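Take a look at the letters that make up each chain.
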Amino acid sequence: MAELAEQAAKLALNDKAPAKASKAKKGSAAPAPQIERPEFIEHRNRIFDELYQIQQDKVAKMPREPIVITLPDGSTREGMSWETTPMDIANGISKSLAKRLVIAKVNDVLWDTLRPLEGNTKLELLDFETEEGKIVYWHSSAHVLGEACELHFGCHLCNGPPIKDGGFYYDIAVPEEFGRGVSQTDYAPLEQLATKAIKEKQPFQRLELTKEDLLRMFEYNKYKVYLINDKVPDGTSTTVYRCGPLIDLCRGPHVPNTGNITAFAVMKNSASYFLGNPEFDSLQRIYGISFPDKKMMAAHKQFLEEAAKRDHRKIGREQELFFFHELSPGSAFFLPHGTRIYNTLMSFIREQYWQRGFEEVVSPNMLTLNMFGMRDRSYRELPIRFADFGVLHRNEASGALTGLTRVRRFQQDDAHIFCMQSQVKDEMRGALDFMSMVYGTFGFTFALKLSTRPDKFLGEIAVWDQAEQQLRESLDEFGAGWELNPGDGAFYGPKVDITIRDALGREFQCATIQLDFQLPERFHLQFRTGSADEASDFQRPVIIHRAVLGSVERMIAILTENFAGKWPLWLSPRQVMVVPVTGVIYEYAEKVKQQLHEAGYFVDVDVSADTLNKKIRNAEIAQYNFICVVGAQEMEEGSVNVRCRDDVGTKAKGQTVPVPAFVQQLDALKNGKSLESKLAQ
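Given the structure is predicted, the values throughout are model-derived calculations rather than measurements. (Residues numbered from 1 in each chain as written. Predicted model: local features only at pLDDT ≥ 70, side-chain atom pairs only at ≥ 80, totals over all residues. Heavy atoms only, no water.)

Caption draft 1: Structural detail: the overall build of the protein chain. Tallying secondary structure elements over the protein chain gives 19 helices and 31 strands in all. Along the three orthogonal principal directions, the C-alpha set of the protein chain runs to about 95 × 80 × 60 Å. Here the protein chain holds 681 residues, and the buried ones make up 48% of them. In the protein chain, the proportion of contacts linking residues at least 24 apart, taken out of those at least 6 apart, comes to 68%. When the accessible surface of the protein chain is split by element, carbon and sulfur atoms take 51% of a total near 33,600 Å². Counting 82 positive and 92 negative side-chain charges, the protein chain places the averaged centre of each group 4 Å from the other. (Helix = DSSP H or I, 4+ residues; strand = E, 2+ residues; numbered from the N terminus. Buried < 20%, exposed > 50% of the residue type's maximum accessible area, 1.4 Å probe, protein only. Contact = heavy atoms within 4.5 Å. Areas by Shrake-Rupley, 256 points an atom, 1.4 Å probe, with all protein chains shown as cover. Lys, Arg positive; Asp, Glu negative; His and termini not counted. Charge placed at Lys NZ, Arg CZ, Asp CG, Glu CD.)

Here it is, written out as structure tokens:
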């Protein structure tokens, strides 16, 4: 431990601010200096060649015995231990499968496709379309990026993981002699070096090393030395992988060779800290993406363009919804139009609370008193459903703050249900129905996962088993389909994780439903059972922790991007714009505004000096759901000429509707929470 602490001290800098990534204009940054091939590359290769040959000699001496390989469909193949590889099996099935193959799973453990099988095996062959296949593919691509970085910058590599949401990155320590930080001018040279590595079809070679040999191989890199001492116990071993000149500390597994990577691109760069710790060195982080098909790369870049257009931070500025300020970093200032959305969401949830038997409470941020335990409770009072839009604070690192999705101050639609064991199933069913109704209103699809008892848990296994069975039955009866997520429950109880999918197909986890048997114990919660036996008159309730929106701030970010700023009427901060044709109509326009305002709608009047067409266009750009043009005829009739944002046929000239009838049509859309702003004919 003393040695590790000493190494950690070497990683600390006096200047704690991360080095800013260069943001020079394209073509204006100083050209990259000519970096000689680092000597440490040859140092690593000498050790690798020596020890790899020893490993290969050991494999050659292993006894060859017939083995049986069982595939997922139950069929079997014959093979030879220490010779037959997953790739051999794939080739025996079809050449197209072998070409698509990314990774294998051997007895439920991920396995290199060219690594020999060691005994009877249950074998799965995975391509890029599987979640595990993607992770391995991007992990292998990170090694290609690392190779390019070492050759281009002469840098020391730190971490290079795949990213679950897509792609990979590498944290690197750029040497002083390079003369500057990473900039966009480095992207093309890095891609050229990566393309060269891909064309060479460099094999990924796996080598198992002792901790002593690892420290010898990476003695030049203080970051790797720290990781080895921190992660590899004395007297044990782990693996490294080589592709081309790169050798990196890595558990693997990997694709067969770099030629399996078809499309490769460097996407962006930023500053970071080693291991995310601001007490350690500041580094440069380079992000990349790769695919087995160039069409997939083109589709991904198109997706990124669309996502950039929908970025909630961009729309938030354009629609004047919210802003952030350095005086209160990570805490959003909601402007009037953003506050309208915020309040509408909370009112929506409050309506559901009323209908579903929840009681809203207001609680302090810190407390020692439990509301449930203020007095004796009877079983007749259960279930008790408390809801709280509590203000929460989280000390997120400044570098992690991202618009409304990662903030330091937020509100959550938190609720806690206190119930008897016999009521858990019904309450879970109600919570799932609540969630389904809310997400269906937003137009989201969702997926459910049951997360079960983790390795480290509190309570009795029998209680866990009973709770998990109740959740299984609730999910089965709900009928939406669900997956098992073994071992990922909270330490205090199993839970149902809900993942939503937005208009771009991106996934977010917002809602959660969790069973908790431990807090009732810790807070000594109990209720009277009504039993005649005084000894058994009190029992512990079960707590169900439940949130649907989750963070209201984060949900607003997701909804902003899902709707691309084109809010449905019921949620819209700009519902109606009244456009008078001429100045003599201004008074009537204000009258229409007042009528609609009294009916409960957000209405504005454009009395600017712009032309009629310009006013209409401005209202369209501002995403008003309806534009009411009023002239002499409308003033005489007490009507409005309505153009619907979501009805292309009405944009040239809308239908003329009496104001009371228009209000009725708006009410029908608003109360029905329609996702489209189209008036009934």
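Caption draft 2: Spotlight on the pairing of strand 7 (residues 168–173). With 6 of 6 residues buried, strand 7 lies mostly within the body of the structure. Alternating residues of strand 7 divide into Phe 168, Tyr 170 and Ile 172 and Tyr 169, Asp 171 and Ala 173, and every residue in both groups is buried. As paired strands, strand 6 (residues 156–157) and strand 7 are joined by 2 bridges and run antiparallel to one another. Its bridge partner being in strand 7, Leu 157 is matched across the sheet by Ile 172. When strand 7 meets strand 12 (residues 282–291), the two strands line up antiparallel, connected through 5 bridges. Looking at strand 12, one finds that Asp 171 is bridged to Arg 285. (Pairing = 2+ DSSP bridges.)

Caption draft 3: Structural detail: the sheet that holds strand 5 (residues 121–126). Strand order across the open sheet formed by 5 strands is 2-1-5-3-4, with mixed pairing between neighbours. At either end of the open sheet lies a strand with only one pairing partner, and these are strand 2 (76–80) and strand 4 (109–111). Averaged over neighbouring strand pairs, the angle between their axes works out to 35° when direction is ignored. One ladder, built from 3 bridges, connects strand 3 (residues 103–106) with strand 4; its direction is antiparallel. In the sheet register, Ala 104 faces strand 4, and the bridge partner there is Trp 111. Relative to the sheet, helix 3 (residues 86–93) contacts strand 1 (66–70), strand 2, strand 3, strand 4 and strand 5, its axis offset from that of strand 5 by approximately 70°. Packing of helix 5 (residues 131–153) onto the sheet brings it into contact with strand 3, strand 4 and strand 5, and relative to strand 3 it is tilted by some 125°. (Axes fitted to C-alpha atoms, helices over the stretch in contact; angles between N-to-C directions.)

Caption draft 4: The layout of surface pockets, seen in detail. Estimates place the volume of the second largest pocket at around 730 Å³. Considering the residues around the second largest pocket, the lining is formed by 27 residues, among which Tyr 52, Gln 55, Gln 56, Val 59 and Arg 206 are closest to the centre. Among the elements that line the lining of the second largest pocket, the one with the most residues is helix 2 (residues 39–61), at 7 residues. Residue composition of the lining of the second largest pocket, by class: 14 nonpolar, 6 polar and 7 charged. (1 Å grid on protein atoms, 1.4 Å probe; cavity = no way out; pocket = protein on both sides within 12 Å on 5 of 7 lines; lining within 4 Å. Points joined across faces, edges and corners; volume = space filled by probe spheres on them. Nonpolar A, V, L, I, M, F, W, Y, C, P; charged D, E, K, R; others polar.)

Caption draft 5: Here's a closer look at the sheet that holds strand 21 (residues 483–485). Across the sheet, 8 strands lie side by side as 15-16-19-26-23-22-20-21; this open sheet has mixed pairing. Two strands close off the open sheet at either side, each with one partner strand: strand 15 (359–360) and strand 21. Strand direction decides the pairing type here: strand 23 (residues 507–516) and strand 26 (residues 542–547), joined by 5 bridges, are antiparallel. Looking at the pairing, Gln 514 lines up with His 545 of strand 26.

Caption draft 6: Focus on the packing of aromatic side chains. Under the counting rule described, the total for this entry stands at 34 aromatic pairs. On the numbers, 4.9 Å between centres and 65° between planes, the contact of Phe 153 with Phe 178 is edge-to-face. Taken together, the positions of Phe 153 in helix 5 and Phe 178 in the loop between strand 7 and helix 6 (187–199) put the pair 25 residues apart, joining distant regions of the chain. On the basis of relative accessibility, which here comes to 0%, the residue Phe 153 falls in the buried class. Judged by relative accessible area, Phe 178 falls into the buried class, the value being 2%. Each ring, one from Phe 457 and one from Trp 464, has its centre 5.8 Å from the other, and the planes form 70°; the classification is edge-to-face. The class of Phe 457 is partly exposed, set by a relative accessible area of 27%. (Phe/Tyr/Trp six-rings, centres within 6.5 Å; stacked < 30°, edge-to-face > 60°.)

Caption draft 7: A look at the side chain of Asn 625. With respect to the element layout, Asn 625 can be found in the loop between helix 17 (612–621) and strand 29 (626–630). In this structure, Asn 625 is in contact with Trp 567, Pro 568, Leu 569, Ser 572, Arg 574, Gln 575, Arg 643, Cys 644, Arg 645 and Ser 677, ignoring residues within four places of it in sequence.

Any link to function would need more than the numbers given here.
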